[in-house]
Amino acid sequence: MQRSDAKARKASLAESILAAISELMSPVAAVDAEPENFMDVGSQIHHAPPGTMELQKAQNSPSNTMHVMEYIAANVDLAKDLVAKCSVVAQQLMNDELLGITEDLDNVIKNISNELNRLPVSAFVSSRFPDAAVSGHLQVVKSRQDLYDQRSCDGFSEGDMPMVLAIDRPRRRTLHNSDMPRLVDFLQGMYQESHEFGARSFNSLPEVAEYVEPLYDSFFCPLTNKVMVDPVTTESGVTYDRRAIEEYFEKFTDDSEPVICPVTKMAMQSKTLRSNLPLKSTIAEWIMRNESTRVRIARTALSMATTESMVLEALHELKVLARMRRKNRDQMHKIGITKFLARLLEHKDALIRCDSLDLLCLLVEDEAGKEIIAKTRAVSRTIKLLSSNSPDERHAAISFLVELSKSDLLLENIGSTAGSILILTTMKFNSSDDPIAAEKAGEVLSNLERCPKNIKYMAESGYLDPLQRHLVEGSEDVQMEMVSYLGELVQKQEMTINIAGSASENLIKMVRSGNTAIRKAALDVLVQISSHHPNARTLVDANAVPVMVEELFIRKIDDEPIGSKTEAAAVLANIVESGLDPENIVVNKEGHVITSKYSVYNFAHMLKCTVPDNLNLSVVRVLLALTARPKPLATVVSVMKEQDNSHTVIELMGSPTSEALAVSATRLLIALSPQMGHTIAEKLCRAPGQPGKLVKSIGQPGRVTERHAVSAMLLAKLPYQHIALNLSLVSRGGVPTLLAKIEEMQRGGMRASRHAKAYMEGLVGALVRLTSTLYDRDVLQAAMDHNFTSVLTDLLVRSVGSDEVQRLAAVGLENLSCQSSTLSQPPAEERRPKRKNILQRLRDAHAGRVHDNGRSPTAAAAAPPPHHGRVCPVHRGVCSPAGTFCLVEAGAVEGLLGVVEGNESARVVEAALGALCTLMDDAVDAASGVAVLAEHDAARHVLRALRQHRDDARDGGAVTRRCFWAVERFLLHGGERCVRDVTGDRALPSLLVGAFHKGDAATKQVAESVLRCLHRMPDYSATYESVEL
């Protein structure tokens, strides 16, 4: 009775399990997540492993079957819950969450499959499912006989078999424990010492697999105690491994000696061996199942791992299996291991990341693995690991990239990943730091070149070799693509390109082609390449200059834009500016060089206000570069005078649309001003709106720009004595503008610019130029109104760190001081104007001027009204800084002596001495002037300057001449102390003698005068009386 109840209960439970499984598979198929997992599950449920099914079926007892079925029922319920959860909220879940649920479901279904394999077919006797559960078993078993007839088993050679063998004989289990635990329990038991199953514990994942998929005694060779690779049967009926038994037979060398069976100890008549194909097929079948089980166990271990050691062991097991055969790798792809490993690349443990990369290297050897990786973020994570501090991790990452880069599918993905090319190129070029990584990085970059876009990415990262190589060696289409990439690069970013000779030759050939787009791209690239001066020699050697000259002056295509001329001119300008000797730059086959009058004439003729600004800019740059050398400068000056092109350059200087053109044109005028300054000044005064536009440009508010600086510098470099230009500056408000900007610069408001120094020097030079034409009443009045003496004295002391500003201020003070004797007025009580007749009064009235005491008309008109004050002993009249430009009254003497004492520039010292000498010349009271200077110890300052600059020949001896002249004045008009200071200087005699022997004519003359004052030479100017004898 009890037995019948148990059978009924078993049948009912079996029916419910199969029904639940059928119900389970329907919604699973509808879930869009990991479809390959569910297909695998179906095959596992409906197809039990054929190799051990019959053996296991005979060993399962009814009681065990009941426990297994109850366990399966619990797992089915769990699977149904998971499927329901996944179906209801699949649309709201993120990818990672959905993947986790499906992985859990996969594990549950695998547990069900494993338990179903343990049940005999008789457990599923039911009228409802008469054939469903059994048909799969019978079909597989029926096909086993076909396997026996094959000489190999599913493509497994004998070399594959030993890979699963162990040195020691593995544990073999011939009976399933009635308390068979779940796979999860097995894995947990490995890492918890308290868990043991069937009085045994498991130390590795392969042991768990052997427990789930047991070995059998018939698999082992009696001689080696190892699983047989090629089982053969002897005459005695015992099966051995072929190699082992053959080695055993070799011991019986004597034919008369009987061969003894090592197992039965019976004598055998023959050494004949018969292949045991059924057993060989069964072993191969078991190996397949064992490896498949090991893969699934390792996958489960990865999913449930709670410690780094568990993950590392699972990864090690998977690496061993992946190396065995491709089928194992295919299974890993199918059950999601490859995709899961991509996520492990972000694990916190470096060993896990490194092992994951090693395993991925094995899994991506086939295209299937690469296709899976392409759908993950493994590439970007691997690129990140290239910067790891661990050499092992770097090597694993770069090895993985080497494998990925072998597939065209991933080339663009690798190249477009942010930072990938830059990191790889850096790794390649730093070979001394890590030679292994550098070599593999070069291999990756070489593979990436198969994708043209990657060549562009490499060029953007500064690695131009692949682009240049394909530009030279590639097909015509590839060459055009490379030129297009180069054109895009030079437009997007400024970059230094070192071009090879062969590449430049190809670019020049493309310029000559008829394709407008290619010509434009090649010209753009040549412009950028030529801007890097070391490339100039390469381009010249490649005959780029004649091609560019032809493009600029000869080539005429109606439907082609003028832009090609602009770019050709830019290339020429870059080459000429590179520093190469222009005398060696040939422009045509006739042998003309770029400095010839023929070439310069064509460039100058190209200057027109009607052509684009960029073209004019390049032409001006060529002419400006030629003016840097004396001989080409003379040619440019000659051509400019002949063609009268200076007015065109002046118009370009005022370009409102191109700042660069305005600056370059102004620089060209500055370079030409020493040779044709008067011509330029005349054209400037006649140009519409000039020099007002120039003054306006100087006075523009804001930060100091190059245009500010060159505009002011042009006014400072044009001839000072050009009265028309000076009057134009005064009449157009130039003086207030200059003074306002000087004051602003002294306050420091505009110093934060690299052009501030040049700008300040230009401002002061433009102001000082007016002091050269003080004979004009308007200029003189402007100097008085704005107190030039005080302004220049202040600049002398506060020179903003510029020697040139000090020199210019001293020159201006000298010019002003020369007018002091004319402008100073005697005291009021001494002035007695002469009577004038009626004719003189009428003439003065008509001229609008009043002559006073015989003074010049200009001085009388500009003289301030008389006033009482201290009489200047030097100028013998009432002086003031503003009205008479008196250096004494302005306090400039101390500042000038400070410059003489402290400045090391001979030009600055010479200018300061020139200003001081105006206080001792014949136009003033020299004795009083010497006395004023003696109060400031001038003699010692002058003598010290003489010693300091005696060996400085750069000024042509100007400082020496000035010092000797001042010394002579000190000796002639100085007091006792002054004379004592001069005669007491021990270095003076030798300096005078040296100047007298080796100096030029002017220096020798002034030295002779001083020597006569010191009575070192006879005075030939003395008067001798005739003596009668």
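Residues numbered from 1 in each chain as written. Predicted model: local features only at pLDDT ≥ 70, side-chain atom pairs only at ≥ 80, totals over all residues. Heavy atoms only, no water.

If you check an unreviewed UniProt entry, the protein appears there as RING-type E3 ubiquitin transferase from Eragrostis curvula. Of the comments in the UniProt record for the protein, the one headed Pathway (unreviewed entry) reads "Protein modification; protein ubiquitination." Under the UniProt heading Catalytic activity (unreviewed entry), the note attached to the protein is "S-ubiquitinyl-[E2 ubiquitin-conjugating enzyme]-L-cysteine + [acceptor protein]-L-lysine = [E2 ubiquitin-conjugating enzyme]-L-cysteine + N(6)-ubiquitinyl-[acceptor protein]-L-lysine." (UniProt positions renumbered as here; feature names shortened; annotations may be inferred.)

**Student:** So, the overall build of the protein: which residues are in play, and what are the values?
**Tutor:** Helix and strand content of the protein: 53 helices and seven strands. The long-range share in the protein, meaning contacts at least 24 apart out of those at least 6 apart in sequence, stands at 71%. Summed over all atoms, the accessible surface of the protein reaches about 48500 Å², with 50% contributed by carbon and sulfur. (Helix = DSSP H or I, 4+ residues; strand = E, 2+ residues; numbered from the N terminus. Contact = heavy atoms within 4.5 Å. Areas by Shrake-Rupley, 256 points an atom, 1.4 Å probe, with all protein chains shown as cover.)

**Student:** An account of the environment of F788 is needed here, citing residue identities and associated values.
**Tutor:** One can find F788 in helix 40 (residues 788–797). On the accessibility criterion, F788 (1% relative accessible area) is buried. Along the sequence, F788 and P881 sit 93 residues apart, while their C-alpha atoms lie 8.2 Å from each other. Once residues lying within four places of it in the same chain are set aside, the contact partners of F788 are V735, L767, L770, T771, A782, A783 and L816. (Buried < 20%, exposed > 50% of the residue type's maximum accessible area, 1.4 Å probe, protein only.)

**Student:** Report on the packing of aromatic side chains, specifying residues and quantitative values.
**Tutor:** Applying the stated criterion across every chain yields a total of six aromatic pairs. Residues Y248 and F249 carry aromatic rings whose centres are separated by 6.2 Å and whose planes lie at 50° to one another, so their mutual orientation is tilted. Look at Y248 and you get buried, because its relative accessible area is 15%. Owing to a relative accessible area of 5%, F249 belongs among the buried residues under this scheme. Their ring planes at 65° and their centres at 5.4 Å tell us that Y248 and F252 sit as a pair that is edge-to-face. Per residue, the accessibility class of Y248 equals that of F252, and both read buried. An aromatic cluster of at least three residues, connected via ring pairs, comprises Y216, F219 and W286. Sitting over the face of the ring of F340, R299 holds its NZ or CZ atom 4.9 Å from the ring centroid. (Phe/Tyr/Trp six-rings, centres within 6.5 Å; stacked < 30°, edge-to-face > 60°. Lys NZ or Arg CZ within 6 Å of the ring centre and 35° of its normal.)

**Student:** Tell me about unusual backbone geometry, and please be specific about residues and values.
**Tutor:** Both trends apply: most residues other than glycine have a negative phi, and most peptide bonds are in trans. The step from Q690 to P691 runs through a cis peptide bond, and the omega angle for that step is -5°. In this structure, P691 sits in the loop between helix 33 (659–686) and helix 34 (692–698). Positive phi, normally seen in glycine, also occurs at R876, with a value near 55°. We note that D937 has phi near 60°; this positive angle belongs to a residue other than glycine. When you line up the elements, D937 lands in the loop between helix 48 (926–935) and helix 49 (938–948).

**Student:** So what's going on with the nonpolar core? Residues and values would help.
**Tutor:** Counting residues in hydrophobic clusters, the biggest one holds 174 residues, and the most contacted among them are M548, L672, L896, F964, F970 and L988. If you tally residues by element for this core, the top one is helix 33, at eleven residues. Excluding residues that lie within four positions of it along the chain, L672 makes contacts with T627, L633, V636, V637, M640, G677 and I680. Among the nonpolar cores identified, the runner-up in size contains 60 residues, and I335, A342, L386 and A437 belong to it. (Core = buried A, V, L, I, M, F, W, Y, C linked by side-chain atoms within 4.5 Å.)

**Student:** Please provide a residue-by-residue account of the packing of helix 16 (residues 378–385) against helix 17 (residues 391–404), values included.
**Tutor:** For the pair helix 16 and helix 17, the least separation of the axes is 8 Å and the interaxial angle reads 140°. Judged on the interaxial angle alone, helix 17 and helix 16 are oblique. When you trace helix 16 past helix 17, the crossing you get is left-handed. In this structure, helix 16 uses A378, V379, T382, I383 and L385 to contact helix 17, whose residues at the interface are E393, R394, A397, F400, L401 and L404. Among the residues forming the contact of helix 16 with helix 17, the class breakdown is eight nonpolar, one polar and two charged. (Axes fitted to C-alpha atoms, helices over the stretch in contact; angles between N-to-C directions. Parallel < 35°, antiparallel > 145°, perpendicular 65-115°, else oblique. Left-handed = near helix turned anticlockwise from the far one by under 90°. Nonpolar A, V, L, I, M, F, W, Y, C, P; charged D, E, K, R; others polar.)

**Student:** Which residues make up helix 16, and what are the values?
**Tutor:** Counting buried positions over the eight residues of helix 16 gives six, a clear majority of the element. Residues of helix 16 that are buried sit in contact with helix 13 (337–344), helix 14 (350–363), helix 15 (367–374), helix 17, helix 18 (411–416) and helix 19 (420–429).

**Student:** Kindly report on the side chain of E814, identifying the contributing residues and their values.
**Tutor:** By secondary structure assignment, the location of E814 is in helix 41 (residues 803–817). The exposure class assigned to E814 is buried, which follows from its relative accessible area of 19%. If sequence neighbours within four positions are ignored, E814 has contacts with A911, G914, A915, T918 and R962.

**Student:** Now, about the environment of L277: what can you tell me, with residues and values included?
**Tutor:** Mapping L277 onto the fold places it in helix 10 (residues 277–304). Residue L277 is classed as partly exposed on the basis of its relative accessible area of 24%. For the pair L277 and V232, spaced 45 residues apart in the sequence, the C-alpha separation amounts to 8.3 Å.

**Student:** If you had to explain helix 50 (residues 958–973) to someone new, which residues and values would you point to?
**Tutor:** If you check helix 50, its first and last C-alpha atoms are 22 Å apart, about what 16 residues at 1.5 Å a residue would give, namely 22 Å. Within helix 50, the full set of buried residues consists of A958, V959, T960, C963, F964, A966, V967, E968, R969, F970 and L971. Looking at the buried side of helix 50, the elements it contacts are helix 47 (906–917), helix 48, helix 49, helix 51 (976–983), helix 52 (988–998) and helix 53 (1001–1013). (Expected span 1.5 Å × (residues − 1).)

**Student:** Could you give an account of the pattern of salt bridges, with specific residues and numbers?
**Tutor:** Under the counting rule described, the total for this entry stands at 39 salt bridges. The salt bridge involving R325 is made with E291; its shortest N-O contact spans 2.7 Å. Of this pair, R325 sits in the loop between helix 11 (308–324) and helix 12 (326–334) while E291 is found in helix 10, placing the two residues 34 residues apart along the sequence. E291 shares its class with R325; the two are buried. Measuring nitrogen to oxygen at the nearest pair gives 2.7 Å for the salt bridge that ties R621 to E577. (Salt bridge = Lys/Arg side-chain N within 4 Å of Asp/Glu carboxyl O.)

**Student:** Requested: an account of the side chain of R769, with residues and values cited.
**Tutor:** The topology assignment puts R769 in the loop between helix 38 (756–768) and helix 39 (777–785). Buried within the structure, R769 lacks any salt-bridge partner; E682 is the closest side chain of opposite charge, at an N-O distance of 10 Å. In contact with R769, other than residues within four places in its own chain, are L715, L718, P719, Y720, H722, L725, N726 and L729. (Lys, Arg positive; Asp, Glu negative; His and termini not counted.)

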